[in-house]
Amino acid sequence: MTTAADGGDELRLELNGITKIYPSVIANEDVSLAVKRGEIHAVLGENGAGKSTLMKMIYGVAKPDAGEMKWEGEVVHVENPAHARSLGIGMVFQHFSLFETLNVVENVALALPGNPDLNKLAEQITEVSNRYGLPVDPQRLVHALSVGERQRVEIIRCLLQNPKLLIMDEPTSVLTPQAVRKLFDTLRQLAAEGCSILYISHKLDEIQELCHVATVLRDGKVTGDCIPAEETPKSMASLMIGKELPVPEHSVPGELGEVRLQLNRLSRVSDDPFGTDLQDIELEVRSGEILGIAGVSGNGQQELLYALSGEEPLNDADAIVICGKSSGRDQPDRRRSNGMGFVPEERLGRGAVPRMSLTENALLTAHQAGMLKHGMIQFDKIAAFARKCIADFNVKCGGEEHAANSLSGGNLQKFIMGREILLAPKLLVVAQPTWGVDVGAAAFIRQELIDLRSGGAAILVISEELEELFEISDRIAVIAEGRLSPAKQLADTNIDEIGVWMSGMWEQPAAGVAAHD
Amino acid sequence: MDASILSSILFATIVAGTPLIIVALGQLIAEKSGVLNLGAEGMMAMGAIAGFAITLHTGSPWLGVLAGMAAGALMASLFAIVVLTLMGNQVASGLALSILGVGLSAFIGKPYESEILPTVGAIRVPLLADIPIIGEPLFNQQALVYLSWVLFGTIVWFLYRSRPGLVLRAVGESPSSAHSIGYPVIRIRYLATIFGGAMAGVGGAFLSVFYTPLWVEGMVAGRGWIAIALVVFATWRPFRVMVGAYLFGGVMVVQLFVQGSGLGINIPSQFLSALPYLATIIVLVIISRDQNTVRLNAPVSLGQPYRPEA
């Protein structure tokens, strides 16, 4: 474990009693923290704990309602991001603030003061990218870059301003494990040169590996400061969520049953010019197993999900076989009546209609389960169904008549998952089951998926969280650039191998993987 | 067809295309910032009457053009307050602005309906104007025709070579990202919208002061709408806007020529009058089919209100 660089006693940033109140919620209450020179300081907390709001205030995107901020010993009021940058504060956003139709140099130029010469700037970008191991071509358009490359552009953009404090908001959520290691090397190099880093994350292992100090937030308040190296993940988790982290039990898979989903050389040219074309995707999911598909976002996951759900039917009926029926050309409702359930990544707008009540949202996919009589809605039945869903899946809400958008992300996800599971699907296709969901709800949802597969359902999970896939899958495959790798039994692979595969290299001999370690 | 007819058709084409270029390039700038102002027709009408009235009273066509510019800018400011400060719906507000401008200009213009302005002389570029066929059309033109070319060059340079142009494109693509790196999104959108209105006013004044030169109610005759369509079908690229505008002007002139000379073809005149609109849209639809160029040039946030986080 590293320690703060020399001269680390000098305080760079100090927050005292920062409070930010939004109309419906207190985002931050009396938050104080101090960051030293050359220190990598973690801000740890669940989704909605107020981490992002706090960083926005430091960066001048939002203004605190109370409290003071000291920068190098002096009280400052950061008026806007340009002011923050002039102080020496840089920020890499979780959802990147890049412009897709502009090239890398233009994107960088937009964040620099004055009117930099684009040719000289391109040279500077190349120089910085070489120095910190962040390869990127300055002339490429951003829309053509992978997510990892985009993040590099954001980091380079900050580094060109010679920041004294770099704020990283959930930087690893979009990276392969190998890219995460590279990023950590870059961050350590920066810290050693004296740059302070505020590192926001909810991933305990990363914080233990990288950070010198951690401040933990829960419900907008500081629940503790700690030195991650001296803590266990358990103790940090209890600071973060107020209880111990539940771990799903993964029972050994039983006898596999019939093939419930089969993809036969599924190919599709994306309608979206910036999308990914699917090429010859083949897979099989049997009753009683969970197949996980890993991959860095933007490698064809969206296109595959649209093809599977039936929102974009294919020309070739045989490319998708659901429970023995050729379904490639079927609309979503036909696929559902064949026994498929589907949980999309976007909860509001695709998984649920935001302004409709939970009852009405339940009806949307459950209407084939005896909720209609002569075409009329059986409101008592559907309300009972919604109530059962709320009770069985521990959904915290005001009642089944409340609108979907009044629920928190985690609770709505539990409701949607419950709605599909209660319909007893033979096949369930799930995208990002725990995206943006707090740790407790995530563990619950994962357990439900495992229980469903133990009950004989076939489940296909597409996720960008590798830890999640390793927790719940029986077999795992990787999607990269629209192609799907062969699926491996979980016991026969490891995070490193899957990580290499995520960059599209599964056709190389296994020796390459071994050499990597 | 002899050379002098060809030359005069070219000449008239360029004159007819000029107001569209000016208006459409103004719209292009507004739309690149993410603001969709459907009020071009109304702003042009207000520019036309303001330009006509001031020229008549002062005798100076240039004061008339300035007045047209001011009228268009004023109308656009009104629109900007509604959609940028009050977060009104851009489509509905733009339609209302069109209706308001057309109606208000007719009301203000009532006393001017029987007036006629003296024709403004052309500026002849020595030597160049003597080139056969293209010399007259290109180099013996109204000052505003030359200015429309300057405008074109300036806008190309501004959008693709200057930093403010880069910022403008950034704001139109992602106002939230632009805000998060510290650009005043609303202020930039105000400026772009007002510029668009000013150019629409100049385009209107060109019609009433240089082109006809008289005032008739409804004289803008859908050119504002064509300008808006031009921008979209030209996939927000200045060069294609210019090509489209001259195409429109060309078909307009040719059909007038056919109507006037008779040429022995028996086509209903209504159909001929619709031809420029039809031809322009068909050609531009065909060249804008490529989804990739649309995605790369269209301002992503077009028409969406943006409220910066406090």
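Bear in mind that the values here come from a model prediction, so they are computed numbers and not experimental data.

A.B. asks: Before we go on, may I ask you to explain the overall build of chain B in this structure?
C.D. replies: For chain B, the helix and strand inventory stands at 13 helices and two strands. The C-alpha radius of gyration of chain B comes to 20 Å, within 12% of the 19 Å expected for a compact globule of 310 residues. On the principal axes, the C-alpha backbone points of chain B span a range of 65 × 45 × 40 Å. A sequence separation of at least 24 residues applies to 80% of the contacts in chain B between residues at least 6 apart.

A.B. asks: Explain the overall build of chain A here, please?
C.D. replies: Helix and strand counts for chain A come out as 17 helices and 23 strands. For 517 residues, the compact-globule estimate of 2.2 N^0.38 gives 24 Å, and the C-alpha radius of gyration of chain A, at 24 Å, lies within 12% of that figure. Along the longest, intermediate and shortest principal axes, the C-alpha atoms of chain A span 70 × 50 × 45 Å. Put simply, 67% of the contacts in chain A that link residues at least 6 apart link residues at least 24 apart.

A.B. asks: Can you help me understand the pairing of strand β10 (residues 221–226) of chain A in this one?
C.D. replies: Strand residues, when the strand is regular, have side chains that alternate between the two faces of the sheet. Residue and element names in this part refer to chain A. Both strand β9 (residues 213–218) and β10 contribute to a ladder of five bridges, which runs antiparallel. Looking across to β10, one finds that Arg218 is bridged to Lys221. Two successive antiparallel strands, β9 and β10, enclose a turn made up of two residues, where Asp219 displays a positive phi of approximately 50 degrees.

A.B. asks: Whenever I open this one, helix α12 (residues 379–392) of chain A confuses me. Can you help?
C.D. replies: Structurally, the α-helix is built with 3.6 residues per turn, so residues lying three or four positions apart point the same way. Residues and elements named next belong to chain A. Here α12 is 14 residues long and its end C-alpha atoms lie 20 Å apart, about the 20 Å a rise of 1.5 Å per residue gives. Considered for burial, the residues of α12 that qualify are Ile382, Phe385, Ala386, Cys389 and Ile390. In a view along the axis of α12, the buried residues occupy a sector of 135 degrees, so they form one face of it. Relative to its buried face, α12 has exposed residues pointing more than 90 degrees away, namely Asp380 and Ala391. In this structure, the buried side of α12 is in contact with α11 (358–366), β18 (376–377) and α13 (409–422). Following α12 by one or two positions, Asn394 adopts a phi angle in the positive range, close to 60 degrees.

A.B. asks: Before we go on, may I ask you to explain the sheet that holds β10(A) in this structure?
C.D. replies: Pairing between sheet strands relies on hydrogen bonds along the backbone, with the strands arranged either parallel or antiparallel. All names here are of chain A. Strand order in the open sheet made by the six strands is β6-β7-β8-β3-β9-β10, with mixed pairing throughout. Two strands bound the open sheet, and with one partner strand each, they are β6 (89–92) and β10. In this sheet, neighbouring strand axes are inclined to one another by 20 degrees on average, regardless of whether the strands run parallel or antiparallel. The pairing of strand β3 (residues 40–44) with β9 spans four bridges and is parallel. Counted as the bridge partner of His41 is Val213 from β9. Where helix α5 (residues 147–159) meets the sheet, it contacts β6 and β7 (165–169), and its direction lies at approximately 175 degrees from that of β6. The sheet contacts of helix α8 (residues 233–241) involve β3, β9 and β10, and relative to β9 the element is tilted by about 35 degrees.

A.B. asks: Explanation requested: the environment of Ile416(A) in the structure shown.
C.D. replies: All names here are of chain A. Among the structural elements, Ile416 can be located in helix α13. Residue class for Ile416 comes out buried when judged on the 29 C-beta atoms lying within 10 Å of it. With residues near it in sequence (within four places) discarded, Ile416 still touches Val343, Arg347, Gly351 and Ala352.

A.B. asks: Where do I start with the interface of chain B and chain A in this structure?
C.D. replies: Much of the literature gives interface size as the accessible area that the parts lose upon coming together. Listed per partner, the contact involves 17 residues of chain B and 20 residues of chain A. For the side of chain B that touches chain A, the secondary-structure elements that each account for two or more residues are α7 (163–173), α8 (175–180) and α13 (291–297) of chain B. If one sorts the elements of the side of chain B that touches chain A by residue count, α7(B) sits on top with six residues.

A.B. asks: Hey, could you run me through the confidence of the model for chain A in this one?
C.D. replies: Low pLDDT means the predicted coordinates in that region are not meant to be read closely. Residues and elements named next belong to chain A. Per-residue pLDDT for chain A has a mean of 86; in total, 94% of the residues score no lower than 70. Below pLDDT 50 for its whole length, residues 1–8 participates in 17 contacts with residues either more than four positions away or in separate chains. The low-confidence segment residues 510–517, where pLDDT is below 50, has six contacts with residues more than four positions distant or belonging to other chains.

A.B. asks: Hey, could you run me through the nonpolar core in this one?
C.D. replies: Soluble globular proteins tend to pack their nonpolar side chains together in the buried interior. Counting residues in hydrophobic clusters, the biggest one holds 159 residues, and the most contacted among them are Ile167(A), Ala24(B) and Leu230(B). Discounting chain neighbours no more than four positions away, the residues touching Ile167(A) are Met55(A), Ile58(A), Tyr59(A), Ile89(A), Gly90(A), Met91(A), Val92(A) and Leu198(A). Ala294(A), Ala362(A), Leu412(A) and Phe444(A) belong to the second-largest nonpolar core, a separate cluster that totals 74 residues.

A.B. asks: Quick question: what am I supposed to make of the domain arrangement of chain A here?
C.D. replies: All names here are of chain A. Along its sequence, chain A is organised into domain 1 (11–241), domain 2 (246–339 + 425–517) and domain 3 (351–423). Summarising the inter-unit geometry, the C-alpha centres of domain 1 and domain 2 are found 32 Å apart. Contacts between the two partners involve 12 residues from domain 1, matched on the other side by 14 residues from domain 2. Breaking the side of domain 1 that touches domain 2 down by element, the ones donating at least two residues are α5 and α6 (177–192). Residues that form the side of domain 1 that touches domain 2 fall into these classes: four nonpolar, seven polar and one charged.

A.B. asks: Got a minute to help me understand the sheet that holds strand β15 (residues 325–326) of chain A in this structure?
C.D. replies: Residues and elements named next belong to chain A. Taken together, four strands build an open sheet; the order of strands is β12-β11-β14-β15 and the sheet is antiparallel. The sheet terminates laterally at β12 (278–286) and β15, the two strands that pair on one side only. Bridging between strand β11 (residues 259–268) and β12 involves six bridges; their strand directions are antiparallel. If you follow Gln262 over to β12, its bridge partner there is Glu284. Relative to β12, helix α9 (residues 301–309) is tilted by about 60 degrees, and along the sheet it contacts β11, β12 and β14 (320–322).

A.B. asks: Please explain the pairing of strand β8 (residues 196–201) of chain A as it appears in this structure.
C.D. replies: Residue and element names in this part refer to chain A. Within β8, six of the six residues are buried, which leaves it mostly tucked inside the rest of the structure. Burial along β8 is two-sided: the face carrying Ser196, Leu198 and Ile200 and the face carrying Ile197, Tyr199 and Ser201 are both buried. The pairing of β3 with β8 spans five bridges and is classified as parallel. Within β8, the position partnered with Ala42 by the bridge is Tyr199. Strand direction decides the pairing type here: β7 and β8, joined by five bridges, are parallel. The residue of β8 that forms the bridge with Asp169 is Ile200.

A.B. asks: Whenever I open this one, the confidence of the model for chain B confuses me. Can you help?
C.D. replies: Residue and element names in this part refer to chain B. Here chain B averages 90 in pLDDT, and 98% of its residues register 70 or above. Ranking the helices and strands of chain B by mean pLDDT puts helix α3 (residues 61–85) first, with 97, and α13 last, with 78. Confidence metrics for the complex model read pTM 0.75 and ipTM 0.80.

A.B. asks: So what exactly am I meant to see when it comes to the packing of helix α1 (residues 3–32) of chain B against helix α6 (residues 143–161) of chain B here?
C.D. replies: Geometry of a packed helix pair, given as the angle between the helix axes and the separation of the axes. Residue and element names in this part refer to chain B. Here α1 crosses α6 at 25 degrees, and the two axes come no closer than 9 Å. When the interaxial angle is binned, α1 and α6 end up roughly parallel. In the packing of α1 onto α6, the handedness of the crossing is left-handed. For the pair α1 and α6, the contacting residues are Ile14, Val15, Thr18, Ile21, Ile22, Leu25, Ile29 and Lys32 in the first and Leu144, Val145, Ser148, Leu151, Phe152, Ile155 and Leu159 in the second. Each residue belonging to the contact of α1 with α6 can be placed in one class, and the counts come to 12 nonpolar, two polar and one charged.

A.B. asks: Can you help me understand helix α11 (residues 238–261) of chain B in this one?
C.D. replies: Residue and element names in this part refer to chain B. Across its 24 residues, α11 extends 34 Å between first and last C-alpha, which sits within 8% of the 34 Å expected from 1.5 Å per residue. Among the residues of α11, Pro238, Arg240, Val241, Met242, Gly244, Ala245, Phe248, Gly249, Gly250, Val251, Met252 and Val253 are the ones counted as buried. Contact partners of the buried residues in α11: α1, α6, α10 (223–233) and α12 (269–287).

A.B. asks: Would you explain unusual backbone geometry in this entry?
C.D. replies: Most peptide bonds are trans, and most residues other than glycine sit at a negative phi. Despite not being glycine, Gln432(A) has its phi angle at roughly 40 degrees, a positive value. With respect to the helices and strands, the residue Gln432(A) is situated in the loop between β19 (427–431) and α14 (439–454). On the basis of neighbour count, Gln432(A) is assigned to the buried category, with 22 C-beta atoms found within 10 Å. The backbone of Leu127(B) sits at a positive phi, close to 70 degrees, despite the residue not being glycine. What makes Leu127(B) exposed here is the crowd of 9 C-beta atoms within 10 Å.

The rules we used
Residues numbered from 1 in each chain as written. Chains lettered and ligands numbered in written order. Predicted model: local features only at pLDDT ≥ 70, side-chain atom pairs only at ≥ 80, totals over all residues. Helix = DSSP H or I, 4+ residues; strand = E, 2+ residues; numbered from the N terminus. Rg over C-alpha atoms; globule rule 2.2 N^0.38 Å. Contact = placed C-beta atoms within 7 Å. Pairing = 2+ DSSP bridges. Expected span 1.5 Å × (residues − 1). Buried ≥ 20, exposed ≤ 12 C-beta atoms within 10 Å, placed from the backbone. Arc of directions from axis to C-beta. Axes fitted to C-alpha atoms, helices over the stretch in contact; angles between N-to-C directions. pLDDT = per-residue confidence, 0-100. Core = buried A, V, L, I, M, F, W, Y, C linked by C-beta atoms within 7 Å. Domains from an automatic or database assignment. Nonpolar A, V, L, I, M, F, W, Y, C, P; charged D, E, K, R; others polar. Parallel < 35°, antiparallel > 145°, perpendicular 65-115°, else oblique. Left-handed = near helix turned anticlockwise from the far one by under 90°.

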